[in-house]
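# An overview of the molecular structure
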Amino acid sequence: MAYTPSKWQQVKNSVKSRCTKFGKKHAGFKRAYSSVLQFRRKNRFSKYCDLPIDDKLVIFESFMGRRYSDSPRAIYEYMLNCDDYNDYRFIWSIRGSVIDDYQFLENNDRTTVIQYGTENYYRTFATAGYWISNSRIVNALVPRDGQVYVQCWHGTPLKRLAYDIEVSGQNDLHDKDDLLKLYSIDASKYTHMISPSAFCTEKFTSAFNLKALGKQDIFIEEGYPRNDFLNNFTADDVDRVRNALNIPSDKKIILYAPTWRDNQHVSGTGYVFENPIDFDKMRELFADEYVVVFRPHYFIANEFDFAKYEGFVFDAALYPEINDLYIIADVLITDYSSVFFDYSILRRPILFYMYDLEQYQDTIRGFYISLDDLPGPIVVKEDDLFDKIRCMDEWSSSEEYRKKYEVFSDRFTYLDDGKASERVVKRIFG
(Lines give C-alpha, C1' and ligand atoms only; values in the text may rest on other atoms or scores of the structure.)
Protein backbone atom coordinates (compact mmCIF):
# COMPACT_ATOMS: atom_id res chain seq x y z
CA MET A 1 0.00 0.00 0.00
CA ALA A 2 1.38 3.41 -0.98
CA TYR A 3 2.30 5.85 1.78
CA THR A 4 -0.45 8.41 2.42
CA PRO A 5 -0.01 11.10 5.08
CA SER A 6 -2.78 11.41 7.64
CA LYS A 7 -5.08 14.43 7.41
CA TRP A 8 -3.33 15.91 10.44
CA GLN A 9 0.05 15.33 8.81
CA GLN A 10 -1.18 16.96 5.60
CA VAL A 11 -2.28 20.03 7.57
CA LYS A 12 1.10 20.17 9.36
CA ASN A 13 2.95 19.85 6.05
CA SER A 14 0.88 22.64 4.52
CA VAL A 15 1.48 24.99 7.44
CA LYS A 16 5.20 24.19 7.45
CA SER A 17 5.46 24.82 3.70
CA ARG A 18 3.73 28.19 3.98
CA CYS A 19 5.85 29.25 6.94
CA THR A 20 9.02 28.24 5.09
CA LYS A 21 8.02 30.26 2.00
CA PHE A 22 7.14 33.30 4.11
CA GLY A 23 10.40 32.99 6.06
CA LYS A 24 12.49 33.16 2.88
CA LYS A 25 11.15 36.67 2.34
CA HIS A 26 11.15 37.82 5.98
CA ALA A 27 14.36 37.13 7.90
CA GLY A 28 12.91 37.94 11.32
CA PHE A 29 10.06 35.49 10.89
CA LYS A 30 12.47 32.87 9.58
CA ARG A 31 14.62 33.09 12.71
CA ALA A 32 11.60 32.96 15.02
CA TYR A 33 10.00 30.05 13.17
CA SER A 34 13.28 28.16 13.13
CA SER A 35 13.69 28.67 16.88
CA VAL A 36 10.21 27.28 17.55
CA LEU A 37 10.91 24.22 15.41
CA GLN A 38 14.22 23.57 17.13
CA PHE A 39 12.65 23.94 20.57
CA ARG A 40 9.96 21.38 19.73
CA ARG A 41 12.46 18.93 18.24
CA LYS A 42 14.80 19.21 21.23
CA ASN A 43 11.92 18.45 23.55
CA ARG A 44 10.91 15.41 21.49
CA PHE A 45 14.46 14.09 21.66
CA SER A 46 15.32 14.99 25.27
CA LYS A 47 12.30 13.26 26.80
CA TYR A 48 13.85 9.93 25.79
CA CYS A 49 17.37 10.73 26.99
CA ASP A 50 16.82 9.08 30.37
CA LEU A 51 16.30 5.70 28.68
CA PRO A 52 19.26 3.29 28.61
CA ILE A 53 21.53 3.28 25.55
CA ASP A 54 21.56 0.02 23.60
CA ASP A 55 25.16 -0.48 22.45
CA LYS A 56 24.06 -3.25 20.08
CA LEU A 57 21.57 -1.02 18.22
CA VAL A 58 22.65 0.90 15.08
CA ILE A 59 20.56 3.52 13.25
CA PHE A 60 21.38 4.30 9.62
CA GLU A 61 20.39 7.35 7.58
CA SER A 62 21.30 8.18 3.98
CA PHE A 63 20.74 11.61 2.43
CA MET A 64 18.51 12.69 5.32
CA GLY A 65 16.26 9.68 4.98
CA ARG A 66 15.71 9.91 1.25
CA ARG A 67 17.37 6.63 0.25
CA TYR A 68 18.79 3.26 1.24
CA SER A 69 22.19 3.84 -0.29
CA ASP A 70 25.79 4.98 -0.11
CA SER A 71 28.28 4.14 2.65
CA PRO A 72 25.61 3.63 5.35
CA ARG A 73 24.16 0.89 3.16
CA ALA A 74 27.59 -0.68 2.58
CA ILE A 75 28.37 -0.69 6.32
CA TYR A 76 24.95 -2.14 7.13
CA GLU A 77 25.23 -4.92 4.55
CA TYR A 78 28.74 -5.82 5.68
CA MET A 79 27.61 -6.10 9.33
CA LEU A 80 24.48 -8.00 8.35
CA ASN A 81 26.55 -10.64 6.56
CA CYS A 82 29.40 -10.91 9.07
CA ASP A 83 29.01 -13.40 11.92
CA ASP A 84 30.95 -11.10 14.25
CA TYR A 85 27.91 -8.81 14.44
CA ASN A 86 25.09 -11.36 14.76
CA ASP A 87 23.97 -9.84 18.04
CA TYR A 88 23.47 -6.34 16.60
CA ARG A 89 20.10 -4.91 15.56
CA PHE A 90 19.66 -2.33 12.80
CA ILE A 91 17.23 0.49 12.12
CA TRP A 92 16.87 2.51 8.91
CA SER A 93 15.43 6.04 9.00
CA ILE A 94 13.40 6.65 5.81
CA ARG A 95 11.15 9.54 4.80
CA GLY A 96 7.44 8.79 4.62
CA SER A 97 7.21 9.60 0.91
CA VAL A 98 9.47 6.66 0.01
CA ILE A 99 9.18 4.40 3.05
CA ASP A 100 7.11 1.79 1.21
CA ASP A 101 9.96 1.27 -1.24
CA TYR A 102 12.17 0.01 1.58
CA GLN A 103 9.87 -2.24 3.58
CA PHE A 104 11.77 -5.19 2.08
CA LEU A 105 14.54 -4.44 4.59
CA GLU A 106 12.30 -5.84 7.31
CA ASN A 107 12.51 -9.25 5.66
CA ASN A 108 15.59 -9.51 7.85
CA ASP A 109 14.44 -10.10 11.43
CA ARG A 110 17.20 -7.89 12.87
CA THR A 111 16.25 -4.85 10.76
CA THR A 112 13.46 -2.30 11.32
CA VAL A 113 12.41 0.63 9.12
CA ILE A 114 11.14 3.77 10.88
CA GLN A 115 9.76 6.98 9.45
CA TYR A 116 12.02 10.04 9.46
CA GLY A 117 10.93 12.76 11.89
CA THR A 118 8.38 10.73 13.85
CA GLU A 119 8.24 10.11 17.60
CA ASN A 120 9.89 6.73 17.08
CA TYR A 121 12.66 8.49 15.15
CA TYR A 122 13.60 10.67 18.14
CA ARG A 123 13.31 7.77 20.56
CA THR A 124 15.63 5.63 18.42
CA PHE A 125 18.29 8.32 18.12
CA ALA A 126 18.14 8.81 21.89
CA THR A 127 18.77 5.13 22.59
CA ALA A 128 20.84 3.68 19.71
CA GLY A 129 24.49 3.13 20.54
CA TYR A 130 25.62 4.02 17.01
CA TRP A 131 24.46 6.61 14.46
CA ILE A 132 25.65 6.13 10.86
CA SER A 133 24.85 8.95 8.39
CA ASN A 134 26.26 10.38 5.17
CA SER A 135 24.88 13.92 5.53
CA ARG A 136 23.75 16.34 8.21
CA ILE A 137 21.24 15.11 10.76
CA VAL A 138 18.53 17.06 12.59
CA ASN A 139 20.13 19.77 14.74
CA ALA A 140 18.18 18.73 17.83
CA LEU A 141 19.83 15.30 17.87
CA VAL A 142 22.86 15.48 20.16
CA PRO A 143 24.77 12.28 21.04
CA ARG A 144 24.65 11.36 24.70
CA ASP A 145 27.71 10.13 26.55
CA GLY A 146 28.48 6.69 25.17
CA GLN A 147 26.78 7.19 21.81
CA VAL A 148 28.86 7.13 18.61
CA TYR A 149 28.05 9.33 15.60
CA VAL A 150 29.87 8.25 12.41
CA GLN A 151 29.77 10.79 9.59
CA CYS A 152 30.42 8.99 6.29
CA TRP A 153 29.91 12.04 4.05
CA HIS A 154 28.98 11.38 0.43
CA GLY A 155 31.89 12.02 -1.86
CA THR A 156 35.32 13.45 -2.53
CA PRO A 157 34.74 17.17 -3.10
CA LEU A 158 35.72 19.09 -6.21
CA LYS A 159 33.66 22.12 -5.18
CA ARG A 160 34.71 23.98 -2.07
CA LEU A 161 32.60 23.22 0.99
CA ALA A 162 31.37 25.25 3.96
CA TYR A 163 34.25 27.13 5.62
CA ASP A 164 36.42 26.77 2.51
CA ILE A 165 34.08 28.72 0.20
CA GLU A 166 35.91 31.92 -0.67
CA VAL A 167 33.98 33.42 -3.59
CA SER A 168 31.49 36.21 -3.05
CA GLY A 169 28.39 34.46 -4.33
CA GLN A 170 25.95 32.98 -1.84
CA ASN A 171 23.56 30.11 -1.63
CA ASP A 172 20.02 31.20 -2.47
CA LEU A 173 18.52 29.06 0.28
CA HIS A 174 20.79 30.09 3.17
CA ASP A 175 23.25 32.92 3.57
CA LYS A 176 26.81 31.89 4.33
CA ASP A 177 26.58 32.50 8.08
CA ASP A 178 23.50 30.27 8.29
CA LEU A 179 25.26 27.51 6.37
CA LEU A 180 28.38 27.65 8.51
CA LYS A 181 26.25 27.45 11.63
CA LEU A 182 24.48 24.34 10.32
CA TYR A 183 27.76 22.63 9.46
CA SER A 184 29.33 23.59 12.81
CA ILE A 185 26.41 22.22 14.79
CA ASP A 186 26.62 18.90 12.99
CA ALA A 187 30.42 18.62 12.98
CA SER A 188 30.59 19.29 16.72
CA LYS A 189 28.74 15.99 17.25
CA TYR A 190 31.00 13.72 15.19
CA THR A 191 32.87 10.98 16.99
CA HIS A 192 34.23 9.52 13.74
CA MET A 193 34.43 10.76 10.15
CA ILE A 194 35.19 8.44 7.24
CA SER A 195 37.74 9.58 4.68
CA PRO A 196 38.75 7.88 1.41
CA SER A 197 42.14 9.61 1.09
CA ALA A 198 44.68 11.94 2.68
CA PHE A 199 43.34 14.64 0.36
CA CYS A 200 39.83 14.29 1.80
CA THR A 201 41.08 14.23 5.37
CA GLU A 202 42.81 17.56 4.79
CA LYS A 203 39.84 19.18 3.03
CA PHE A 204 37.19 17.88 5.43
CA THR A 205 39.26 19.19 8.35
CA SER A 206 39.23 22.73 6.96
CA ALA A 207 35.74 22.65 5.40
CA PHE A 208 34.03 21.56 8.61
CA ASN A 209 36.32 23.59 10.89
CA LEU A 210 37.26 20.42 12.73
CA LYS A 211 40.52 21.70 14.21
CA ALA A 212 38.72 24.55 15.96
CA LEU A 213 36.21 22.02 17.27
CA GLY A 214 38.96 19.73 18.55
CA LYS A 215 37.89 17.06 16.05
CA GLN A 216 40.95 16.87 13.80
CA ASP A 217 41.82 13.34 14.97
CA ILE A 218 38.45 11.64 14.40
CA PHE A 219 39.18 10.35 10.88
CA ILE A 220 38.90 6.77 9.76
CA GLU A 221 41.00 7.03 6.59
CA GLU A 222 40.35 3.63 5.06
CA GLY A 223 38.47 4.29 1.78
CA TYR A 224 34.75 4.69 1.11
CA PRO A 225 32.68 1.61 2.03
CA ARG A 226 30.23 2.43 -0.75
CA ASN A 227 32.94 1.96 -3.36
CA ASP A 228 33.60 -1.67 -2.49
CA PHE A 229 30.85 -2.56 -4.95
CA LEU A 230 32.74 -0.90 -7.81
CA ASN A 231 35.55 -3.39 -7.28
CA ASN A 232 33.39 -6.44 -6.60
CA PHE A 233 30.38 -6.25 -8.94
CA THR A 234 29.61 -9.06 -11.41
CA ALA A 235 28.14 -9.41 -14.90
CA ASP A 236 24.88 -10.42 -13.23
CA ASP A 237 24.79 -7.06 -11.47
CA VAL A 238 25.15 -5.28 -14.81
CA ASP A 239 22.31 -7.33 -16.29
CA ARG A 240 20.14 -6.66 -13.24
CA VAL A 241 20.49 -2.90 -13.55
CA ARG A 242 20.03 -2.76 -17.31
CA ASN A 243 16.90 -4.89 -16.99
CA ALA A 244 15.54 -2.72 -14.18
CA LEU A 245 15.82 0.35 -16.43
CA ASN A 246 14.67 -1.54 -19.57
CA ILE A 247 17.79 -0.57 -21.50
CA PRO A 248 18.29 -2.51 -24.76
CA SER A 249 21.21 -4.94 -24.61
CA ASP A 250 22.69 -3.70 -27.90
CA LYS A 251 23.17 -0.08 -26.78
CA LYS A 252 26.10 1.60 -25.09
CA ILE A 253 25.25 3.90 -22.21
CA ILE A 254 26.08 7.55 -21.57
CA LEU A 255 25.50 8.43 -17.91
CA TYR A 256 24.74 12.15 -17.59
CA ALA A 257 25.00 13.21 -13.93
CA PRO A 258 24.97 17.00 -13.41
CA THR A 259 25.04 18.71 -10.02
CA TRP A 260 22.96 21.53 -8.56
CA ARG A 261 23.77 25.25 -8.60
CA ASP A 262 23.74 27.26 -5.38
CA ASN A 263 22.16 30.23 -7.15
CA GLN A 264 19.31 28.34 -8.83
CA HIS A 265 16.70 27.99 -6.11
CA VAL A 266 12.94 28.55 -6.49
CA SER A 267 10.90 29.27 -3.36
CA GLY A 268 8.49 26.45 -2.64
CA THR A 269 10.19 24.12 -5.12
CA GLY A 270 13.88 23.84 -4.26
CA TYR A 271 16.93 23.74 -6.47
CA VAL A 272 16.10 23.62 -10.17
CA PHE A 273 18.13 22.59 -13.18
CA GLU A 274 17.68 23.53 -16.81
CA ASN A 275 19.12 20.81 -19.01
CA PRO A 276 21.84 22.38 -21.22
CA ILE A 277 22.08 19.46 -23.66
CA ASP A 278 19.96 19.39 -26.80
CA PHE A 279 18.67 15.82 -26.62
CA ASP A 280 17.03 16.16 -30.04
CA LYS A 281 20.39 16.77 -31.65
CA MET A 282 22.08 14.19 -29.45
CA ARG A 283 19.56 11.55 -30.47
CA GLU A 284 20.04 12.39 -34.12
CA LEU A 285 23.82 11.97 -33.79
CA PHE A 286 24.14 8.98 -31.44
CA ALA A 287 20.88 7.03 -31.11
CA ASP A 288 22.15 4.19 -33.32
CA GLU A 289 24.91 3.40 -30.81
CA TYR A 290 24.01 4.99 -27.46
CA VAL A 291 21.27 5.69 -24.96
CA VAL A 292 21.43 8.34 -22.20
CA VAL A 293 20.76 7.64 -18.51
CA PHE A 294 19.95 10.94 -16.80
CA ARG A 295 20.80 11.20 -13.09
CA PRO A 296 20.58 14.70 -11.51
CA HIS A 297 21.78 15.51 -7.99
CA TYR A 298 19.20 14.60 -5.34
CA PHE A 299 18.86 18.30 -4.37
CA ILE A 300 17.38 19.09 -7.80
CA ALA A 301 13.63 19.24 -7.26
CA ASN A 302 12.10 20.06 -10.64
CA GLU A 303 10.72 17.22 -12.71
CA PHE A 304 11.83 16.36 -16.24
CA ASP A 305 9.63 15.14 -19.04
CA PHE A 306 11.53 12.86 -21.38
CA ALA A 307 8.47 11.29 -22.99
CA LYS A 308 9.47 12.53 -26.43
CA TYR A 309 12.84 10.78 -26.04
CA GLU A 310 11.42 7.40 -25.08
CA GLY A 311 13.93 4.67 -25.87
CA PHE A 312 16.83 7.14 -25.93
CA VAL A 313 16.78 9.06 -22.61
CA PHE A 314 16.14 7.05 -19.44
CA ASP A 315 15.26 9.02 -16.32
CA ALA A 316 17.13 7.61 -13.30
CA ALA A 317 16.52 10.56 -10.97
CA LEU A 318 14.79 8.33 -8.42
CA TYR A 319 16.91 5.23 -8.90
CA PRO A 320 18.07 4.47 -5.34
CA GLU A 321 21.75 3.56 -5.80
CA ILE A 322 24.02 5.52 -8.12
CA ASN A 323 26.73 2.84 -8.00
CA ASP A 324 24.41 0.66 -10.07
CA LEU A 325 24.38 3.35 -12.74
CA TYR A 326 28.18 3.57 -12.78
CA ILE A 327 28.68 -0.10 -13.57
CA ILE A 328 26.41 -0.02 -16.64
CA ALA A 329 27.81 3.23 -18.07
CA ASP A 330 30.35 3.24 -20.90
CA VAL A 331 31.08 6.93 -20.38
CA LEU A 332 30.24 9.52 -17.73
CA ILE A 333 29.31 13.10 -18.55
CA THR A 334 29.23 15.42 -15.55
CA ASP A 335 30.05 19.02 -14.65
CA TYR A 336 31.18 19.82 -11.09
CA SER A 337 29.64 16.83 -9.34
CA SER A 338 31.91 14.62 -7.26
CA VAL A 339 30.54 11.52 -9.02
CA PHE A 340 33.59 11.34 -11.25
CA PHE A 341 35.88 10.51 -8.33
CA ASP A 342 34.03 7.27 -7.66
CA TYR A 343 33.39 6.51 -11.32
CA SER A 344 37.12 6.77 -12.01
CA ILE A 345 37.63 3.52 -10.07
CA LEU A 346 36.21 1.77 -13.16
CA ARG A 347 38.88 3.36 -15.41
CA ARG A 348 36.25 4.35 -17.98
CA PRO A 349 36.05 7.59 -20.01
CA ILE A 350 34.84 10.78 -18.30
CA LEU A 351 33.76 14.01 -20.01
CA PHE A 352 33.34 17.31 -18.15
CA TYR A 353 30.65 19.53 -19.69
CA MET A 354 31.23 22.83 -17.86
CA TYR A 355 29.08 25.12 -19.97
CA ASP A 356 28.90 27.73 -17.15
CA LEU A 357 32.48 27.37 -15.97
CA GLU A 358 33.39 31.05 -15.72
CA GLN A 359 30.37 31.92 -13.58
CA TYR A 360 30.59 28.81 -11.43
CA GLN A 361 34.29 29.13 -10.72
CA ASP A 362 34.34 32.86 -10.08
CA THR A 363 31.04 33.60 -8.32
CA ILE A 364 29.53 30.43 -6.84
CA ARG A 365 31.95 27.95 -5.28
CA GLY A 366 35.50 27.62 -6.55
CA PHE A 367 37.42 24.32 -6.64
CA TYR A 368 39.80 22.37 -4.45
CA ILE A 369 41.96 21.06 -7.28
CA SER A 370 43.21 22.42 -10.58
CA LEU A 371 40.92 21.55 -13.45
CA ASP A 372 44.05 20.52 -15.31
CA ASP A 373 44.19 17.49 -13.00
CA LEU A 374 40.79 16.14 -14.01
CA PRO A 375 40.89 12.68 -15.64
CA GLY A 376 39.12 13.70 -18.83
CA PRO A 377 38.52 16.53 -21.32
CA ILE A 378 36.71 19.72 -20.30
CA VAL A 379 34.31 21.24 -22.83
CA VAL A 380 32.18 24.37 -22.53
CA LYS A 381 30.35 24.22 -25.86
CA GLU A 382 27.81 21.62 -26.87
CA ASP A 383 29.33 20.99 -30.30
CA ASP A 384 32.66 20.21 -28.65
CA LEU A 385 30.90 17.80 -26.30
CA PHE A 386 29.42 15.92 -29.23
CA ASP A 387 32.79 15.86 -30.98
CA LYS A 388 34.39 14.28 -27.90
CA ILE A 389 31.71 11.60 -27.79
CA ARG A 390 32.23 10.91 -31.48
CA CYS A 391 35.99 10.40 -31.13
CA MET A 392 35.99 8.94 -27.62
CA ASP A 393 38.02 5.84 -28.44
CA GLU A 394 40.81 8.02 -29.78
CA TRP A 395 41.28 10.42 -26.85
CA SER A 396 40.47 7.94 -24.08
CA SER A 397 43.19 5.52 -25.22
CA SER A 398 45.88 8.17 -25.69
CA GLU A 399 49.03 8.03 -23.59
CA GLU A 400 48.40 11.52 -22.22
CA TYR A 401 44.94 10.59 -21.02
CA ARG A 402 45.97 7.25 -19.50
CA LYS A 403 48.86 8.86 -17.62
CA LYS A 404 46.66 11.63 -16.25
CA TYR A 405 44.09 9.04 -15.16
CA GLU A 406 46.75 7.04 -13.32
CA VAL A 407 48.09 10.08 -11.46
CA PHE A 408 44.54 11.03 -10.51
CA SER A 409 43.75 7.55 -9.17
CA ASP A 410 46.95 7.40 -7.15
CA ARG A 411 45.96 10.62 -5.42
CA PHE A 412 42.24 10.12 -4.79
CA THR A 413 41.11 6.48 -4.94
CA TYR A 414 44.15 4.48 -3.80
CA LEU A 415 42.28 3.14 -0.74
CA ASP A 416 39.18 2.02 -2.65
CA ASP A 417 40.25 -1.58 -3.09
CA GLY A 418 36.99 -3.42 -2.39
CA LYS A 419 37.67 -3.98 1.33
CA ALA A 420 36.98 -0.57 2.85
CA SER A 421 33.78 -1.70 4.61
CA GLU A 422 35.63 -4.37 6.53
CA ARG A 423 38.36 -1.95 7.66
CA VAL A 424 35.89 0.79 8.59
CA VAL A 425 33.56 -1.50 10.54
CA LYS A 426 36.47 -2.94 12.52
CA ARG A 427 37.65 0.56 13.38
CA ILE A 428 34.18 1.55 14.61
CA PHE A 429 32.87 -1.62 16.25
CA GLY A 430 36.03 -3.59 16.95
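Note on numbering: residues in each chain are counted from 1, in written sequence order. Local features in a predicted model are, by the rule used here, given only for residues with pLDDT of at least 70; side-chain atom pairs are given and counted only at 80 or more, and totals for whole chains, interfaces and linings are based on all residues. Hydrogens and waters are ignored; side-chain quantities use all the structure's heavy atoms.

## Remarks on the sheet that holds strand β11 (residues 290-294)
Sheet architecture is open: six strands sit in the order β12-β11-β8-β13-β14-β15, paired in parallel fashion. Single-partner strands in this sheet number two, and they are β12 (313-315) and β15 (378-379). Across three bridges, the pairing between strand β13 (residues 331-334) and strand β14 (residues 350-353) is parallel. Residue pairing across strands places T334 opposite F352, the latter belonging to β14. Pairing between strands is defined by DSSP: at least two bridges between the two strands are required. What counts as a helix is a DSSP run of H or I of at least four residues, what counts as a strand is a run of E of at least two, and both are numbered from the N terminus.

## Notes on the pairing of β13
Categorising residues by exposure relies on relative accessible area from a 1.4 Å probe, with only protein chains included: less than 20% of the type maximum marks a residue as buried, more than 50% marks it as exposed, and the intermediate range marks it as partly exposed. Side chains of β13 alternate between two faces, with V331 and I333 and L332 and T334 buried alike. As judged from the four bridges shared by strand β8 (residues 252-257) and β13, these two strands associate in the parallel manner. Residue pairing across strands places L255 opposite L332, the latter belonging to β13.

## Considering the pattern of salt bridges
Salt bridge, as used here, is a side-chain nitrogen of Lys or Arg placed within 4 Å of a carboxyl oxygen of Asp or Glu. This model, assessed by the stated rule, comprises 23 salt bridges. Taking the shortest distance from any N to any O, the salt bridge between R423 and E222 comes out at 3.1 Å. Highlighted residues: R423 in helix α16 (residues 420-429) and E222 in the loop between β7 (219-221) and α7 (228-232), separated in sequence by 201 residues. Since its relative accessible area comes to 22%, R423 is described here as partly exposed. Classification of E222 as buried rests on a relative accessible area of 17%. With a shortest N-O distance of 2.9 Å, R402 and E399 are connected by a salt bridge. One end of the pair is R402 and the other is E399, both in helix α15 (residues 399-412) and three residues apart, which spans about a single turn.

## Structural notes on the side chain of S338
Within the fold, S338 resides in the loop between β13 and α11 (339-343). Should any heavy atoms of two residues lie within 4.5 Å, those residues are considered in contact. Residues in contact with S338, not counting those within four places in the same chain, are H154, G155 and T156.

## A word on the pairing of strand β5 (residues 148-151)
Neither face of β5 is exposed, since V148 and V150 on one face and Y149 and Q151 on the opposite face are all buried. Note: strand β4 (residues 128-133) against β5, four bridges, orientation parallel. Opposite W131, over in β5, you have Y149 as the bridge partner. Sheet analysis places β5 next to strand β6 (residues 192-195), joined by two bridges and oriented parallel. When the bridges of β6 are listed, V150 appears paired with H192.

## Points about the environment of A212
One can find A212 in the loop between α6 (198-207) and β7. A212 gets classed as exposed once you look at its relative accessible area, which sits at 60%. Distance from A212 to S188, taken between C-alpha atoms, is 9.7 Å for residues 24 residues apart in sequence.

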